[in-house]
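Inside the fold
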Amino acid sequence: MFGYIIVNKQEMKFREFDCYQSYYCGLCQDLKKRYGRSGQLTLSYDMTFLILLLSSLYEPDTQLSSCKCVAHPFEAHPTRQNIFTEYAADMNLLLSYYKCVDDWEDERKLTRRAAAAALKEKFDRVCRKYPQKAERIRELLEQIRACEKAGETSMDLASGCFGEVMAEIFAWRQDEWEMELRTVGFFLGKFIYLMDAYEDMEEDAKSGGYNVFLHKRTEEGSGEAFEESARQILQMMMAECSRAFEKLPILENVEILRNILYSGVWCRYEALRRKKEKENA
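Residues numbered from 1 in each chain as written. Predicted model: local features only at pLDDT ≥ 70, side-chain atom pairs only at ≥ 80, totals over all residues. Heavy atoms only, no water.

Structural notes on the packing of aromatic side chains
The test is simple: Stacked, tilted and edge-to-face are the three classes applied to pairs of Phe, Tyr and Trp rings, where Trp contributes its six-membered ring and a pair requires centres within 6.5 Å; stacked means planes under 30 degrees apart, edge-to-face means over 60, and tilted covers the rest. Secondary structure follows DSSP: runs of H or I at least 4 residues long count as helices, runs of E at least 2 residues long count as strands, and numbering of each begins at the N terminus. Any residue under 20% of the maximum accessible area for its type is buried, any over 50% is exposed, and the rest in between are partly exposed; the area is computed with a 1.4 Å probe on protein chains only.
Applying the stated criterion across every chain, the model contains 17 aromatic pairs. With a centroid separation of 6.2 Å and 40 degrees between ring planes, the pair formed by phenylalanine 49 and phenylalanine 170 is classed as tilted. Pair noted here: phenylalanine 49 is in helix α2 (residues 46-58) and phenylalanine 170 is in helix α6 (residues 155-170), with a separation of 121 residues, a long-range link. The pair formed by phenylalanine 49 and phenylalanine 170 is uniform in burial state, with each residue classed as buried. With a centroid separation of 5.8 Å and an interplanar angle of 35 degrees, the aromatic rings of tyrosine 58 and phenylalanine 84 are classed as tilted. Here the residue tyrosine 58 occupies a position in helix α2, and phenylalanine 84 occupies one in helix α3 (residues 83-107), the gap between them amounting to 26 residues.

What follows is the structure in structure tokens.
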């Protein structure tokens, strides 16, 4: 993912942020344990939401521990690890490998090719562990690339494919919560794809890169009407995501999860809007 699924720290209680951070650190430790330093370098806050969501829904046995690391070399900090930190580490590795390959094919940067090569053996291990998920995700990512090569103007097609990627990841198993989890993942994935496109508009306009928002901006102009339309589209994605989330019987960590869904996901958007307003002024 792209760094959008984060908390709004300013609106959290200290104990809530400490809990959130402990799952993040647990994911970091699982990536290091399972995939070494190259796997640990793929760490991001995005998968912490998935860990919190699945842990709060299924309530597995969770190991509370502490450790020191490069980021915290002098003081031990708490970590929480369970079956979902392991699962998130696997899915994080899978997506990171595909992202490196995609960047290499798009930009031909040797650093991205090297990063993909460093992850390849670990990626193959995840594919053997989750063959159906890995194949489904590969097919969907190929569909996204086909949409981008064809210059598809429909906002729903490419973003919908990435939504399906996230739906596949969020549906940990087939049970009574599968459809709600898929729906949460689907609309969160669409939001991520569209938010990434919104952030990259100016860069893609200069480079000629594919961007679903550029066609819409050409039709509507680059003024406030377009900005309001873009915001409404993003709000619709998160409204559907949140509606599905509220159907899940979650009590533990629910305030942290709501902080992310109702506030945290908008932090980057609001920062971008302030930057645009400052540039226009």
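A word on the environment of arginine 138
Checked against the element boundaries, arginine 138 lands in helix α5 (residues 131-150). Measuring from C-alpha to C-alpha, the distance between arginine 138 and tyrosine 98 comes to 8.3 Å, with 40 residues separating the pair along the chain.

Digging into the environment of tryptophan 177
The following threshold applies: Here, two residues are considered to be in contact whenever any of their heavy atoms come within 4.5 Å of each other.
Locating tryptophan 177 in the fold gives a position in the loop between α6 and α7 (178-199). Taking relative accessible area as the criterion, tryptophan 177 reaches 24% and is therefore assigned partly exposed. A C-alpha to C-alpha distance of 9.3 Å links tryptophan 177 and lysine 247, two positions 70 residues apart in sequence. Excluding residues that lie within four positions of it along the chain, tryptophan 177 makes contacts with Leu57, Tyr58, Leu248 and Pro249.

Some thoughts on the confidence of the model for the protein
For any part of a model where pLDDT is low, the fine detail of the predicted coordinates should not be relied upon. Selection criterion: Summary of the metric used: pLDDT quantifies the predictor's per-residue confidence within the range 0 to 100.
Put simply, the protein has an average pLDDT of 91, and 98% of its residues get 70 or more. Within the protein, helix α11 (residues 254-262) carries the highest mean pLDDT (97), whereas helix α9 (residues 212-220) carries the lowest (83).

Side note on the pairing of strand β2 (residues 77-81)
Keep this limit in mind: A pair of strands counts as paired when DSSP detects no fewer than two bridges linking them.
Where burial is concerned, the two faces of β2 differ: the one with His77, Thr79 and Gln81 is buried and the one with Pro78 and Arg80 is not. Where strand β1 (residues 63-67) lies against β2, 5 bridges are found, and the strand directions are antiparallel. Looking across to β2, one finds that leucine 64 is bridged to arginine 80.

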